[in-house]
Every structure is written in C-alpha cells, then in structure tokens.
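Residue-level listing of the chains:
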Amino acid sequence: MMIDVIGDIHGYADKLIGLLEQLGYVHNGTYFVPPAGRRALFIGDLIDRGPQQLATLEIVFAMLDANVADAIMGNHEYNALAFATLDPDNSSQYLRSHNDIHTRQHAAFLAEIAFGSERHQYWLNRLYELPLWIETDDACFVHACWDVDSMAVLQPLLTDDNCLTPHGLVATAKENTAPFDALERVLKGVETALPDGMIMVDKEGTERKRVRVCWWLDGLNKRRLYEVARAPASALAQIPKEVLAENIDFALKTNKAVFVGHYWLTGTPEPLSSQVACTDYSAAVDSGYLTCYQLDTEQPLPLKASNFVQYRHDKSANPNP
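Residues numbered from 1 in each chain as written. Predicted model: local features only at pLDDT ≥ 70, side-chain atom pairs only at ≥ 80, totals over all residues. Heavy atoms only, no water.

(A) Broad picture of the overall build of the protein. On a plain count of helices and strands, the protein comes out with eleven helices and 18 strands. Counting only C-alpha atoms, the protein reaches 55 × 50 × 35 Å along its principal axes. Looking at the protein alone, contacts between residues at least 24 apart form 64% of all its contacts between residues at least 6 apart. Positive and negative side-chain charges of the protein, numbering 26 and 42 respectively, have mean locations separated by a distance of 5 Å. (Helix = DSSP H or I, 4+ residues; strand = E, 2+ residues; numbered from the N terminus. Contact = heavy atoms within 4.5 Å. Lys, Arg positive; Asp, Glu negative; His and termini not counted. Charge placed at Lys NZ, Arg CZ, Asp CG, Glu CD.)

In structure tokens form, the structure reads like this:
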C-alpha cells in the first residue's frame, strides 16, 4: 500500500486538484479515485486563507465518504469549531474570541460559509469527524507534534477514534489547563520561553514571549536556543548565541515514521530527521507548493527526499529527480 500524505491545503482547491491529478487520481463524477494500491491522507489545515474553501472541503470529504482517504484535524479546523462555539461559562463570549486577528484568520472561510448558517453548522459537524491523530502499524500522523504524553491527557476527551467531542472542545479551550497545553502541543507544536524581556512578533502580528522549537532534533536541551527555534531568520538573530535551550520537556516516544504539516517550510522538500517528515511547504502563498510524501507501507523507513512530490504549475512534478 502507498499512502499519499498531503500537506496543508488552506482552501486552495485548484492546487489540490492539480496535485491529485499529478499523482494519478481520477475524478469519477463524485470523488477522486486513487490508483490501485494507493490511498490519500490529509494532514490537516484544509481551511482558511485560500479562495476555494467550500470546494476544498467537498473534495476531501467526498474522498473520506468513499473510504479512499483519511484526514486529521489541523489547528485551523480546531479554531473554526472554537470560533463558532459559545463559552458555557460565559454565554456572551466564544471559546475563540472574535478579535481582529482571529476574525482575519478565519475570513476566507466565513466569506464562503456564512457564520451561523445551515451550511456553517453542517461543516462544523463534519470537522468534528476529523481525528486529532492517526497511528497505523507503519506510521504516525498528526498535524504538529507526536507527543504521546499530551495524547494521554487528551484521550478522555475524545471518541474511540481520537475525534474531539463538544465537551473536549470546551475543556481544551480553557487556557492554563492541562488539556489546553496538551492540545497546543499536538496541533501547534512544542514551545519554550524566550530570554527575559524578549518579544517576537509572528506573521499574524501577535506578540509572543515563547518560540516554537524543532522537537524532532536529538538532544534538544543540549543545544543553543537559536539552533532549535522555529522562527524567521530576523527573529533568530535576536536570540543571544550563548542562550541554551533548557527545560524543553519533550521526547519522541515512537520508532515509527512520523508525518506532520503545520510548519510553513520552503525550499526543496526533505525529511526533518531520520523518522520525521513535514508535508507543509507553504501552499497558501504564491511561492509555495502543495506537497505530498508517498509512504510505502512495506518500507516506511528510512524516509527519503525522493518520495516527496509537489504540484507545480510548470508541471515539474518532483524537485528531487
């Protein structure tokens, strides 16, 4: 079996169609049919940013309904649910506030699927069907970080298939709680504190006192912080070279191949480490490409750069010929 692990689509249905066709999938009038012995897996962040939100959802869920694909929840699907759900402890507030930044992030989705409409409720219900992670005999799939300790915290709030429940949504939306921190790890990654007094401004304009780290690297706590931080070069340059990456409480506790999205990578695709691969190569910007890793379940490891495929308008299918 070959699993086509497809990265963050963010509402770019044209790129999704292009990639599926490039991979040999054929539309039968209802859904895209994979070649024999193949199956698709979408790594999350189906929505927000792009101009074809509804079309993207229809393509992906038609494949899910036909049982020719799987998909997991990304932080943008989670945010959509929280943005639309009132806080039971404060009925005048939503679990995800409707401030300017959050509203701007979700604007493309709401432009096509009106807030509070019947269509909106339908798609929210469907988003609940996406598990937070999938583990098979051969590999692990999660949007941002395979953290079994965080998963254990979340498990009581999920269905048997690792799907979020309405109660779980409420519990994980409460800041400064164990479920909130666990959800952040799984859907957004591992973070650590910046040096005292240092603030970074992210691409959304939010000021942050913490920075994401490359959790897939060995010996995280034995390296310099600037070496393991995931941030723009201009921000990394602000971190003093002598500052160590201390107190990062994380260990990758699996020997299987791990697949993630989320990280807005650029350049020629290659594995992040000997067992971790990311398929998010910034499809939501003009210079980015919707990217797939073709996983052979008969030989999942070692991961190979040659297994990546990108959809490019110039039809350059594989950046690693």
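(B) Structural context of the packing of helix H2 (residues 53-65) against helix H6 (residues 118-127). Direction vectors running N to C along H2 and H6 enclose 45°, while the axes themselves pass 12 Å from each other. For the element pair H2 / H6, the angle class is oblique. Of the two elements, H2 crosses H6, and the hand of that crossing is left-handed. Contacts between H2 and H6 involve Leu54, Leu57, Glu58, Phe61 and Asp65 on the former and, on the latter, Arg119, Trp123, Arg126 and Leu127. (Axes fitted to C-alpha atoms, helices over the stretch in contact; angles between N-to-C directions. Parallel < 35°, antiparallel > 145°, perpendicular 65-115°, else oblique. Left-handed = near helix turned anticlockwise from the far one by under 90°.)

(C) Structural context of the packing of aromatic side chains. A full pass over the atoms with the stated rule returns eleven aromatic pairs. An angle of 15° between the planes, with centres 5.6 Å apart, marks the rings of Phe141 and Phe259 as stacked. Of this pair, Phe141 sits in strand E9 (residues 139-142) while Phe259 sits in strand E15 (residues 257-260); the two residues are 118 residues apart in sequence, bridging distant segments of the chain. Taking relative accessible area as the criterion, Phe141 reaches 0% and is therefore assigned buried. (Phe/Tyr/Trp six-rings, centres within 6.5 Å; stacked < 30°, edge-to-face > 60°. Buried < 20%, exposed > 50% of the residue type's maximum accessible area, 1.4 Å probe, protein only.)

(D) Up close: the pattern of salt bridges. In this structure the tally under the stated criterion is eleven salt bridges. Its salt-bridge partner being Glu135, residue Lys256 comes within 3.0 Å of it at the nearest N-O pair. With Lys256 in the loop between helix H11 (233-236) and E15 and Glu135 in strand E8 (residues 133-135), this pair connects stretches of sequence that are 121 residues apart. Note on Glu135: relative accessible area 46%, which makes it partly exposed. (Salt bridge = Lys/Arg side-chain N within 4 Å of Asp/Glu carboxyl O.)

(E) Expanded view of the sheet that holds strand E10 (residues 191-193). With antiparallel pairing, three strands are arranged side by side in an open sheet as E10-E13-E14. For this open sheet the edge positions go to E10 and strand E14 (229-230), each flanked by a neighbour on one side alone. Bridging between strand E13 (residues 210-213) and E14 involves two bridges; their strand directions are antiparallel. By the bridge assignment, Val213 is partnered in E14 with Ala229. (Pairing = 2+ DSSP bridges.)

(F) Highlighting the packing of helix H1 (residues 13-22) against H2. At their nearest, the axes of H1 and H2 sit 8 Å apart, and the two run at 40° to each other. Residues Ala13, Leu16, Ile17 and Leu20 of H1 form the contact with H2, whose participating residues are Ala55, Thr56, Ile59, Val60 and Met63. Of the residues that constitute the contact of H1 with H2, the class distribution is eight nonpolar, one polar and no charged. (Nonpolar A, V, L, I, M, F, W, Y, C, P; charged D, E, K, R; others polar.)

(G) Structural view of H1. Listing the buried residues of H1 in full gives Ala13, Lys15, Leu16, Gly18, Leu19 and Leu20. Tucked inside the fold, the buried residues of H1 contact strand E1 (2-6), strand E3 (32-33), strand E4 (38-42), H2, strand E17 (291-296) and strand E18 (308-310). After H1 finishes, the residue Gly24 shows a positive phi value of roughly 100°.

(H) Molecular detail of the sheet that holds E1. Strands sit in the order E5-E4-E1-E17-E18 across an open sheet of five strands; the sheet is mixed. Strands with a single pairing partner mark the edges of an open sheet, and in this sheet they are strand E5 (69-71) and E18. In this sheet, adjacent strand axes meet at a mean angle of 25° when their direction is disregarded. With five bridges connecting them, E1 and E4 associate as parallel partners. Looking at E4, one finds that Ile3 is bridged to Arg39. Against the sheet, H1 touches E1, E4, E17 and E18, its axis set at about 130° to E18.

(I) Broad picture of the nonpolar core. Counting residues in hydrophobic clusters, the biggest one holds 86 residues, and the most contacted among them are Phe42, Met63 and Trp215. At six residues, the largest contribution of residues to this core is made by H2. What Phe42 contacts, discounting residues up to four positions off in sequence, is Ile6, Ile9, Leu16, Val60, Met63, Ala69, Asp70, Ala71 and Ile72. Formed by 15 residues, the second largest nonpolar core is a distinct cluster that contains Val5, Tyr293, Leu303 and Phe308. (Core = buried A, V, L, I, M, F, W, Y, C linked by side-chain atoms within 4.5 Å.)

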